[in-house]
Each structure stands twice: as C-alpha cells, then as structure tokens.
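So you can see what is in the structure, the chains are spelled out below.
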Amino acid sequence: MHISDGVLPTYATVGGYVVSAALTAWSARKIRSDDLPKLAVVTAAFFVASLIHIPLGPTSAHLLIPGLTGALLGPPAFLSIGLGLLLQSFLFQFGGLTALGANTLMMGIPAVICGWIFQRFKGQKRMRQAIVGGLVGALGTAMAATFLALLLVTGGEDFLGVAKLALLAHIPVITIEGIVSAFTIGFLARVKPDLLRAAFMPTEKVRHG
Amino acid sequence: MADIIHIPLWQLPLLILMPLGCIGAGVIYLRRLTHGKQLPRGEDPDWSVPPLADGMGATLLHRWDVRAKILTLLVYSFAVASLRNLLPALFSIILSLAAMAIARVSAVRLLSRLLALSGFLGMLLVLLPFTVPAHSGDTIFLFGGIHWLGFNVRGLLLAVTIAEKAVAIALLMEPFLATASLPVMLNGLARLGLPEMVGQMVLLSYRYVHVFLQEARRMAAGMRVRGFRKRTDIHTLYAVAGFLGMLFVRSFERTERVFDAMHARGYAGRFPEQGEFRLRGRDILLASAWILAGGALIAYDRIIL
C-alpha cells in the first residue's frame, strides 16, 4: 500500500524527499558506477514482480517484496526501489508525486535492513537460506507496514485509528510475503545460488558470443 | 462538547453502506471496462513510440518547455498537497480539469490513474469518519446508541479533502507528463540538475519493464496451460515463488547481455540528447501563472478561510 498525495503534512513530504535523496546517494555509492545500468534492468524485474497479485479469500493482494529486493540486492536496493516508485508515479498509473520521498523511505529502509540481516545470517545450507529468506520477507513487509503507520500518524491524531487498522490489515500480507520469499529464496538456492552470494555485483564476467 | 445525533441502527445500511456499495460497484465496473484497453494482449508495446507521448498534438502544454513544465508541476503539486480546506481543494480539481481540456489527454489513461487511487482513498473515506477522535463542535451520528460506531462528519470532510487533493494532482500528471516524450523529459530533468545516470536508469528500467512484463505474461500463459489456477493455498504460493525466482534468474542473466550489447554499440555512460531546449518568454509566463494560481489557492486556504 502506498500513500497518496494530500495525506501527509508538508514537513513530512519534504522531509521524505530530503532523507530519501540522501539515502539514494549513499545507496548509489555502494555499487560500481558501471553496474548502474545493470541495476536498472534488475529493477524492471522487481517492478514486474511487484505487480503479481495473489488471491486472498475474496480479494487479492499484490506483492510488495521489500525483503526479497533487499536480500538479493543489498544496499543498492534503496536506489532500485526509489527508481521503481519513480517509474510507477511517472509512467504507470499510481500518482503520489508529493509522497514519493516518503513512500521510498517506507519501502527502501526495510529493504536495506533486510538485506543486511539476510547476508549476515543466511549461512550455507539451502534450508537455512530459505528459512532466513522467509523471515526476512515477512520482516520487510512488517517494517514497511510500520513505516506506513508511523507516516500516517505524522498527519495528526486524526489518523491514529487508520494507522492502527492499516497495520492490522497487513498481517495476512506479511504471512504471504514470508512464505513466498522463503520459497523464492529456496528456488534460487537450488537453481542459481550465485544470486544469493553477495548483494548486487554479479560475480564473474560471462562472455556471450 | 460534540453534537451527537442519534439515528436508529436499521438506517446504518441505508445511509452508509448502500452509498458505499454503489461507489464500490461503480469502481469495479470501470476497472473491468478499462482493463482490456490498456495493452492489447500478446502484442508488444511499441517502445519506439513511448506511450508517454502518444498523440503528440500541438497544444499549449505540448509546446511548453519541459524544464518549466516539470518545475511547475512539482511546485504546484506541493502547493495543492498542503491545502487544508474543502473548497480550495475543489478549485484545484477544476484547474486540473482545465489543464486536461487544454492538453486533450487520453481519457482511458486518466481513468486508470484515478482507479489506481481508488483503493487508498476508498479506505480513508470509509475509515476516517469512524476513527477520528471527537472534538468539541463536531457533529457525530450515533447509530442505535453503539458508542464506538459514531460517524464523525469532520472525519468525512477530512477524507473528502484528501481525496480531492489526490485527484487534483493525479489529474495533472497526464497533461504535464504525457505531453513530452520520455527521453526529452529526462534530458530536461538532467538540465535541471538530476544526475544524468538517474535519467538513463529510468529509461532503461522503463524499457525493460515492458520486456519483463511480456516475459511474465508468457510464463503465466505456460502455467495456465499446465493447469495452474490461482487459489488461496500453499501450492499457489509455491508456484508464484518459482515464477518470481525464474523472473529474477532471467533478468540477472539478461543484464549481462544487455550491458555487453550496449558496450558493443559504443555506450560510454550517456545517451545522445534528443531535441533542443529553448526557454522562451511564454514558457516562463505560463509557469509563473500556474505557480501563482497555486499560491492563490494557498492564500485562500490559509488566510481567507
């Protein structure tokens, strides 16, 4: 769930832009500048992944995957998420132009934290990687939901009730994200363990004829 | 103390649920209607003509210098987002409608932007009236004396004001952004101080979103052929995870090839600039007029009301 325009007070939207610009610059420095175009291509894949809807009883929820993005990309995940949200508000339907900075913080910070946790605790065994991946996936969404609630509360006490309910509504989504992340990391551990190794940075250069 | 108006419980469905149900049904109907229209299924979206620039007409907004346009959009959007009252926010929608009329933008894309907003705004419209704390001077409708189910009119007004601001800004996005092609707009942003690399990343991502959407669609078709149906169960999650994993594997492999191909064609960190930039008097005039309108809205919002 992203915050739309007009909800947050001006200090929160402007502050969101400033902080996320600083974090984006930090994130961009964590990656060789030659690799930036590659990150752009990977961002497109994460963007498409976040469009997938999963049925949830009578309704459906789309994946947020901050945890998974962080686990696979590491610190550059922040840049990637900012880019994805920029694309979303510019070119695809969802607006949220003034809330762009705040939305980037909401998804980007959990991603970076999750990435650090995943790299720190993933171990060597496939099973362990999948479990840590699942926990990180659930944690990423839980943190994003918490950020959402905190940001809503900057609007004043009027938004307290909405913030609480939004947090509650995310519980099923957190569960789903956790399970999907665990399976996805498990799949990658079987199929292409290289991707789980070190954040971004594809390891060795492969020549294509 | 807040004004409390008692209403029998049986009127709750009539007064609240029915209007909400009607709006919800309308939104779902419109969503169905626009769903098929955006991209013809199975057909590659034509990248060489970015959808951002369809109908390159020659209206006032098309001829406006991109740099002035982007700055105006940003400043004006922040002005609109900081409005606090119902009436100024309503005027901002009228101004957006005027911009739409001038730029003659595609109605389908506008509608889909509004529909994308409907979930969040609908949630606020439903929840805020029931959750805002009661202040003195508020009017509260109590249904059947259930004290936690008080419908606060102030909450409704707050939600409507937010919805108005969000709609006003969403309506502006199309006339302002769809009236220049994406590369030109990014060049404009670069001239405004955005690092050139960011613009290139946006361009690349945008291009590959379409490629991966296509790929995702093909993979989904394959899964359907093999009998996969989405349900609320663990098998669906397992299949979706495999789908995601495959998408990531393919995308990482693809980045290498894309980058090699770019190098082979002489990519050295930048794309050639498209179009020329000329800031004329009338560009500045239009930008100032628009920003002044934003300033006037704020003045009306804060000083007069």
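Since this is a predicted model, take the numbers as computed values, not measurements.

Participant: How should the overall build of chain A be read in this particular structure?
Facilitator: Tallying secondary structure elements over chain A gives eight helices and two strands in all. Reading the helices (α) and strands (β) of chain A from amino to carboxyl end gives α-α-β-β-α-α-α-α-α-α. A buried classification covers 58% of the 209 residues belonging to chain A. Taking contacts inside chain A between residues at least 6 apart in sequence as the whole, the part at least 24 apart equals 75%.

Participant: Can you help me understand helix 4 (residues 76–90) of chain A in this one?
Facilitator: Count 3.6 residues to each turn of an α-helix, and residues three or four apart come out pointing the same way. Under the 1.5 Å per step criterion, the end-to-end length of helix 4 of chain A is 21 Å for 15 residues, consistent within 8% with the ideal 21 Å. For helix 4 of chain A, the tally of buried residues reaches 13 of 15 residues, placing the bulk of the element in the interior.

Participant: Just to check I follow, could you spell out unusual backbone geometry for this structure?
Facilitator: Most peptide bonds are trans, and most residues other than glycine sit at a negative phi. Residue and element names in this part refer to chain A. The phi torsion at Ile65 lies on the positive side, around 40°, for a residue other than glycine. Within the secondary structure, Ile65 is located in the loop between strand 2 (59–62) and helix 3 (66–73). Note on Ile65: 26 C-beta atoms within 10 Å, which makes it buried.

Participant: For this particular structure, what's the right way to read the sheet that holds strand 1 (residues 3–7) of chain B?
Facilitator: Residues and elements named next belong to chain B. The strand order across the open sheet built from three strands is 1-2-3, with neighbouring strands paired in mixed fashion. Among the strands making up the open sheet, the edge pair consists of strand 1 and strand 3 (150–152). When the angles between neighbouring strand axes are averaged without regard to direction, this sheet yields 25°. Examined bridge by bridge, strand 2 (residues 139–143) and strand 3 share three bridges and lie antiparallel to one another. Within strand 3, the position partnered with Phe141 by the bridge is Phe151.

Participant: Help me understand the domain arrangement of chain B, please; the structure alone is not making it clear to me.
Facilitator: It is common to report an interface's size as the accessible area lost on association of the parts. Parsing chain B into structural domains produces domain 1 (3–35 + 56–181 + 278–304) and domain 2 (196–264). Inter-centroid distance (C-alpha atoms) of domain 1 of chain B to domain 2 of chain B is 34 Å.

Participant: Just to check I follow, could you spell out the nonpolar core for this structure?
Facilitator: Generally speaking, nonpolar side chains in soluble globular proteins are found buried as a group. Of all hydrophobic cores here, the largest spans 136 residues; its most connected members are Ala45, Val48, Leu148 and Leu151 of chain A together with Phe212 and Leu247 of chain B. Both domain 1 (3–35 + 56–181 + 278–304) and domain 2 (196–264) of chain B contribute no fewer than three residues apiece to this core. With sequence-adjacent residues up to four places away left out, Val48 of chain A is seen in contact with Val209, Phe212, Leu213, Ala216 and Leu247 of chain B.

Thresholds, definitions, all that
Residues numbered from 1 in each chain as written. Chains lettered and ligands numbered in written order. Predicted model: local features only at pLDDT ≥ 70, side-chain atom pairs only at ≥ 80, totals over all residues. Helix = DSSP H or I, 4+ residues; strand = E, 2+ residues; numbered from the N terminus. Buried ≥ 20, exposed ≤ 12 C-beta atoms within 10 Å, placed from the backbone. Contact = placed C-beta atoms within 7 Å. Expected span 1.5 Å × (residues − 1). Pairing = 2+ DSSP bridges. Axes fitted to C-alpha atoms, helices over the stretch in contact; angles between N-to-C directions. Domains from an automatic or database assignment. Core = buried A, V, L, I, M, F, W, Y, C linked by C-beta atoms within 7 Å.

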